[in-house]
Amino acid sequence: MIDLRSDTVTRPSEAMREVIAQAPVGDDVYGDDPTVNALQERVAALFGKEAGLFTPTGSLSNQLAIRSLVKPGEELLTETQSHIVRAELGAGAVFSGITTRTWPSRNGILKASEPLEIASPNAGPYLVSTTAIALENTHNFGGGTVQSMHEIAELRRESLKLGLTMHLDGARIWNAHVATGTSFAEFGSHFDTVSVCFSKGLGAPVGSMMLSTSDRIAEARRWRKRYGAGMRQIGILAAAVDYAFTHNIERLAEDHHRAKVIATACAQVSPTLVDPELTHTNIVAIDVTGCSRTAGELVAELAEVGILAGAMGSKLLRLVTHMDFDDQQLDRVLELLPDLLKRSLVA
Ligand SMILES: *Cc1c(COP(=O)(O)O)cnc(C)c1O
């Protein structure tokens, strides 16, 4: 099987397992695990933040950050297709008592004016007050699109004037970094809180991190425990992440290249399916609106010929390239996928 459902399907390599086996560990609930402590410092420093907190999932690091920025009954603004509102099962409402309002955008791509138009800070005793804005980079359901630093900087400038804070869901910030060359410190400088995922594309088995000020991280550590995610000898996870950090970031360029090749081949079948110009990173988002089959039906047909893909709703077929997907498998996808799409297009 060629598994392109997600970049989370990668397995730890032999070398990574070796590093896991050797990792010095301690009890992290006591703050005693040297390997996770070193990783938290390493990643925080990279992003220009005071501190970091290792979490089992990106959903949790997003939620700890949102909780830190938005009080119960206040409002977070985010894009309509963002992971925070679509794929975290209402966690912000359930756990933090916050409300969300969304602005729509094409392919998840930010225009600073769009959140600013709906922002409603200090709204008084009648309307909900906006207190934070969350951005996603790269944008998952937008097709791995990379946000413009110009728009981010503009939004930061204007939202500071309004007294709003900003959160970055940077689950795939590695891909944005490799695609643009923008430093992690530059990304970090525009946000009060950042969430990153190590389980996306880097080959590590588990892990995410919230990054922010020491005060916010100390508070998030209490909430992480309260949510039941205080962990013990997590140096074995942190060691894998440290290894991935050193070895597996720059190689993401290969994943981007393979995704572009797939998108280009599909666009040759019909430009309505995908715009290769918008395949910025490792996600190929194929719009099957013009096909006689739903995304789910196409996923089933692809599985029959040995390719696993994802259906994001009935109209979007998603393929995600990653480090366990090589050129030989790419050739196989190029043999099968464009042909299948051609046959399912409505004349
Ligand atoms: C994967 C992902 C997350 C976190 O997912 P978990 O499965 O909770 O680790 C958050 N945001 C985006 C954009 C993602 O793609």
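Right above here is the structure, for reference.
Presented here is an overview of the structure given in this document.

The rules behind the values
Residues numbered from 1 in each chain as written. Predicted model: local features only at pLDDT ≥ 70, side-chain atom pairs only at ≥ 80, totals over all residues. Heavy atoms only, no water. Core = buried A, V, L, I, M, F, W, Y, C linked by side-chain atoms within 4.5 Å. Buried < 20%, exposed > 50% of the residue type's maximum accessible area, 1.4 Å probe, protein only. Helix = DSSP H or I, 4+ residues; strand = E, 2+ residues; numbered from the N terminus. Near = heavy atom within 4 Å. Polar contact = N/O pair within 3.5 Å; in protein donor to acceptor, adjacent residues only side chain to side chain. Nonpolar A, V, L, I, M, F, W, Y, C, P; charged D, E, K, R; others polar. Pairing = 2+ DSSP bridges. Axes fitted to C-alpha atoms, helices over the stretch in contact; angles between N-to-C directions. Contact = heavy atoms within 4.5 Å. Salt bridge = Lys/Arg side-chain N within 4 Å of Asp/Glu carboxyl O.

So, the nonpolar core
Among the nonpolar cores identified, the biggest contains 47 residues, and F47, F54, L135, I173, W174, V196 and F198 are the most heavily contacted of them. Here the element with the most residues in this core is helix α11 (residues 235–247); it accounts for seven residues. Counting 28 residues, the second-largest nonpolar core is a separate cluster that includes C291, A309, F325 and L337.

Overview of the site of the ligand
In the neighbourhood of the ligand, 13 residues make up the surrounding shell, with G58, S59, D169, R172 and K200 lying closest. At a separation of 2.7 Å, a nitrogen atom of the ligand approaches a polar side-chain atom of D169. Separating an oxygen atom of the ligand from a side-chain N or O atom of R172 is a distance of 2.9 Å. In terms of residue count, helix α3 (residues 58–69) provides more of the shell around the ligand than any other element does, three residues in total. Broken down by class, the residue content of the shell around the ligand amounts to two nonpolar, six polar and five charged.

Comments concerning the sheet that holds strand β9 (residues 283–287)
In space, the three strands of this open sheet follow the order β9-β12-β11, with antiparallel pairing throughout. Edge positions in the sheet fall to β9 and β11 (310–312), since each has one partner strand and no second. Along the sheet, successive strands turn relative to each other by an average axial angle of 30 degrees, direction set aside. The pairing of β9 with strand β12 (residues 316–320) spans five bridges and is antiparallel. Each residue of the ladder has a partner; that of I283, found in β12, is V320. Sitting on the sheet, helix α13 (residues 295–304) is in contact with β11 and β12, with an inclination near 45 degrees to β12.

A closer look at the pattern of salt bridges
Inspection of the entire model under this criterion finds 20 salt bridges. For E75, the salt bridge identified is with R101, shortest N-O distance 2.7 Å. Placement of the pair is E75 in strand β3 (residues 75–79) and R101 in strand β4 (residues 99–103), with a sequence separation of 26 residues. On the accessibility criterion, E75 (3% relative accessible area) is buried. One salt bridge connects E254 with R258, and the closest N-O pair in it is separated by 3.4 Å. Remark: R258 and E254 occur in helix α12 (residues 252–269); sequence separation between them is four residues, near one turn of the helix. Overlapping salt bridges, with partners in common, bring together R251, E254, D255, R258 and D327 in one network.

Remember, this is a structural readout, not a statement about activity or role.
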